[in-house]
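Coordinate inspection notes
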Amino acid sequence: MRLPVSNLFLVVLILCVTASYTIVYTGIQSFREGEPSGGNSDTLDYLAMYRGEKISHVYRALRVAIPLLVRSLPDPPGWIFDSTRRITDTWIATVKFGIVNFVFLALTGILFFYFLLQLDFSTWESLLGILLFYTARPLVQHAGVPMLETAGYFFLLLCVYAILREHYVMLVLTFLVGVFVKETVFLALPALLLSEQKHHKVKLISLLLPGFIAYYTFRFYLYHIDVRELWFDTKLTSQAREALFSAAHFNKLLDLFSSFGLLWIPALYALMHAKLPALLRRWSYLIVIMVAVIFLFRLDLGRILFNTFPVVIPLALYGIRGMLGWKNDLKEQAPDVLRLG
């Protein structure tokens, strides 16, 4: 008896919703006003944007999509909270951010499962992949607080999935919205250049032009941002040098490593020993690109590097497959895990 596809989706939905609820609920309960999670000041800026206040940080000021979405939600009724709970504006905002984060986190897990299936992983390997995603330190630490991480993961993954499936309309729309969620969606550009698309790369890049035009129009004309504040600033060389020196400290290296923890071991094993699909091997350069961007702009090491999860986790799964001696062609075995009895 074969397990219906609807039952498989139901299982994936249950797992993703349960994990997302646990992570987001814990984040909401542990968040305190004036005490940003992990010392991260981003939360204060996003709460200010939610309130309609202007902030000085250039890039965060452009990430308007999620704060506006959170603000549009109705306030939850007071009776759903414990009677001892002190209901403040910040608490209400945190809960509303939590609702949005929960939805995007669950959707990302579900999409990631089918993304892994599309990469020819078996059902069980794909389930293991979403487990590795939900247990990652950056996600557990930041997904439940007033930040944009979960939405950023979703839009980036959806762009990569669209590239993989050659769904060009999906790619255009996702990228166009994603640029106003978080700039990590720009990683879709090198992912597209490194892809196996049969069409001319210039034509493919033109698919992303609406997003870039909308983003920079909004940036320069609505916010009147000085052209000297472009990413390619003359101070970038000195910034990169300072970042490299600061990264030499043990805690910085540990932060970089903790983006995926010990999963780096099977991922590196896969790169060195596994017979990888050509696409995934090419996409492994996205890790190098992201590390370069992190050092160039002095970004959070581990938290930003985790945006390469659509590459690192599949690499880790290939590494685990090789280390355990599983057959390389598990795709033929995939229907067996859908049997009952």
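Residues numbered from 1 in each chain as written. Predicted model: local features only at pLDDT ≥ 70, side-chain atom pairs only at ≥ 80, totals over all residues. Heavy atoms only, no water.

1. Some details on the overall build of the protein
- Within the protein, the regular secondary structure consists of 19 helices and zero strands.
- Residue burial in the protein is summarised as follows: out of 341 residues, 50% are buried. (Helix = DSSP H or I, 4+ residues; strand = E, 2+ residues; numbered from the N terminus. Buried < 20%, exposed > 50% of the residue type's maximum accessible area, 1.4 Å probe, protein only.)

2. What to know about the layout of surface pockets
- Computed from the structure, the second largest pocket encloses a volume of approximately 370 Å³.
- Contributing to the lining of the second largest pocket are 16 residues, with Y25, I28, Q29, F81 and V95 lying nearest its centre.
- For the lining of the second largest pocket, the elements supplying multiple residues, two or more each, are α1 (5-30) and α5 (89-118).
- Considering each element in turn, the lining of the second largest pocket owes the most residues, six residues, to α1.
- The class makeup of the residues in the lining of the second largest pocket is eleven nonpolar, three polar and two charged. (1 Å grid on protein atoms, 1.4 Å probe; cavity = no way out; pocket = protein on both sides within 12 Å on 5 of 7 lines; lining within 4 Å. Points joined across faces, edges and corners; volume = space filled by probe spheres on them. Nonpolar A, V, L, I, M, F, W, Y, C, P; charged D, E, K, R; others polar.)

3. Focus: empty space enclosed by the protein
- A full pass over the atoms with the stated rule returns one cavity of 30 Å³ or more.
- Of the residues in the lining of the largest cavity, the class split is eight nonpolar, two polar and no charged.

4. A word on the side chain of R303
- Along the polypeptide, R303 turns up in helix α18 (residues 301-305).
- Engagement of the side chain of R303 in a polar contact is seen with the side chain of D42, the distance being 3.3 Å.
- At 2.9 Å, the side chain of R303 forms a polar contact with the side chain of E149. (Polar contact = N/O pair within 3.5 Å; in protein donor to acceptor, adjacent residues only side chain to side chain.)

5. Thoughts on the nonpolar core
- By size, the foremost hydrophobic cluster in this structure holds 106 residues, and its most contacted members are F115, F133 and W283.
- The greatest single-element share of this core, amounting to 14 residues, is contributed by α5.
- With residues near it in sequence (within four places) discarded, W283 still touches F115, V160, I163, L164, A191, L194, S195 and V311. (Core = buried A, V, L, I, M, F, W, Y, C linked by side-chain atoms within 4.5 Å. Contact = heavy atoms within 4.5 Å.)

6. Focus on the environment of Q29
- Within the secondary structure, Q29 sits in helix α1.
- In the structure, Q29 is positioned 65 residues away from T94 in sequence and 9.4 Å away in space, judged by C-alpha atoms.
- Ignoring any residue separated from it by four or fewer positions in sequence, one finds Q29 in contact with R85 and W91.

7. Considering the packing of α1 against helix α6 (residues 123-134)
- Relative to each other, α1 and α6 sit at 10 degrees, their axes nearing to 11 Å. Between α1 and α6, the angle falls in the class roughly parallel. Contact with α1, carried on its side by L8, V12, L15, C16, A19, S20 and I23, involves T123, L127, I130 and Y134 of α6 and no other residues of that element.
- For the contact of α1 with α6, the residue count by class is nine nonpolar, two polar and no charged. (Axes fitted to C-alpha atoms, helices over the stretch in contact; angles between N-to-C directions. Parallel < 35°, antiparallel > 145°, perpendicular 65-115°, else oblique.)

8. Observations regarding α1
- Here α1 spans 38 Å end to end across 26 residues, near enough to the 38 Å set by a 1.5 Å rise per residue.
- Buried-residue contacts for α1 involve α5, α6 and α7 (137-142). (Expected span 1.5 Å × (residues − 1).)

9. So, α6
- The terminal C-alpha atoms of α6, which comprises twelve residues, lie 17 Å apart, in line with the 16 Å expected from a rise of 1.5 Å per residue.
- Within α6, nine of the twelve residues are buried, which leaves it mostly tucked inside the rest of the structure.
- Three or more residues of α6 are buried, namely T123, E125, S126, L127, G129, I130, L132, F133 and Y134.
- Contacts made by the buried residues of α6 are with α1, α5, α7, α8 (149-165) and α19 (309-323).

10. Remarks on the packing of α6 against α19
- Across the interface, α6 lies against α19 with an axial gap of 10 Å and an inter-helix angle of 125 degrees. By the angle class used here, α6 and α19 are oblique. Every pair of crossing elements has a handedness; the one defined by α6 and α19 is right-handed. Where α6 abuts α19, its residues E125, L128, G129, L132 and F133 lie against F309, I313, L317, I320 and R321.
- Its residues assigned to classes, the contact of α6 with α19 comprises seven nonpolar, one polar and two charged. (Left-handed = near helix turned anticlockwise from the far one by under 90°.)

11. Comments concerning a nonpolar patch on the surface
- On the surface, L254, F257, L262, I265 and M323 cluster together to form a nonpolar patch covering roughly 500 Å² of accessible area.
- Here I265 is to be found in helix α15 (residues 264-273). (Patch = residues over 30% accessible without salt bridge, like charges linked within 9 Å, V, L, I, M, F, W, Y side chains within 5 Å. Areas by Shrake-Rupley, 256 points an atom, 1.4 Å probe, with all protein chains shown as cover. Salt bridge = Lys/Arg side-chain N within 4 Å of Asp/Glu carboxyl O.)

12. Focus: the packing of aromatic side chains
- With the rule as written, the count across this model stands at 26 aromatic pairs.
- Arranged with centres 5.9 Å apart and planes meeting at 40 degrees, the rings of F175 and F186 form a pair that is tilted. Of this pair, F175 sits in helix α9 (residues 168-178) while F186 sits in the loop between α9 and α10 (188-193); the two residues are eleven residues apart in sequence, bridging distant segments of the chain.
- On the accessibility criterion, F175 (0% relative accessible area) is buried.
- You can call F186 buried: its relative accessible area is 10%.
- In this structure an aromatic cluster arises from ring pairing among F112, F115, F133, Y134, Y153, F260, W264, F306 and F309. (Phe/Tyr/Trp six-rings, centres within 6.5 Å; stacked < 30°, edge-to-face > 60°.)

13. Quick word on the pattern of salt bridges
- Tallied over the entire structure, the rule returns six salt bridges.
- Residue E149 is joined to R303 by a salt bridge in which the shortest nitrogen-to-oxygen separation is 2.9 Å. Of the two residues, E149 is situated in helix α8 and R303 in helix α18; the sequence distance between them amounts to 154 residues. For the pair E149 and R303, a shared accessibility class is recorded, and that class is buried.
- Counted as one network, the salt bridges with shared partners bring together D42, E149, K182 and R303.

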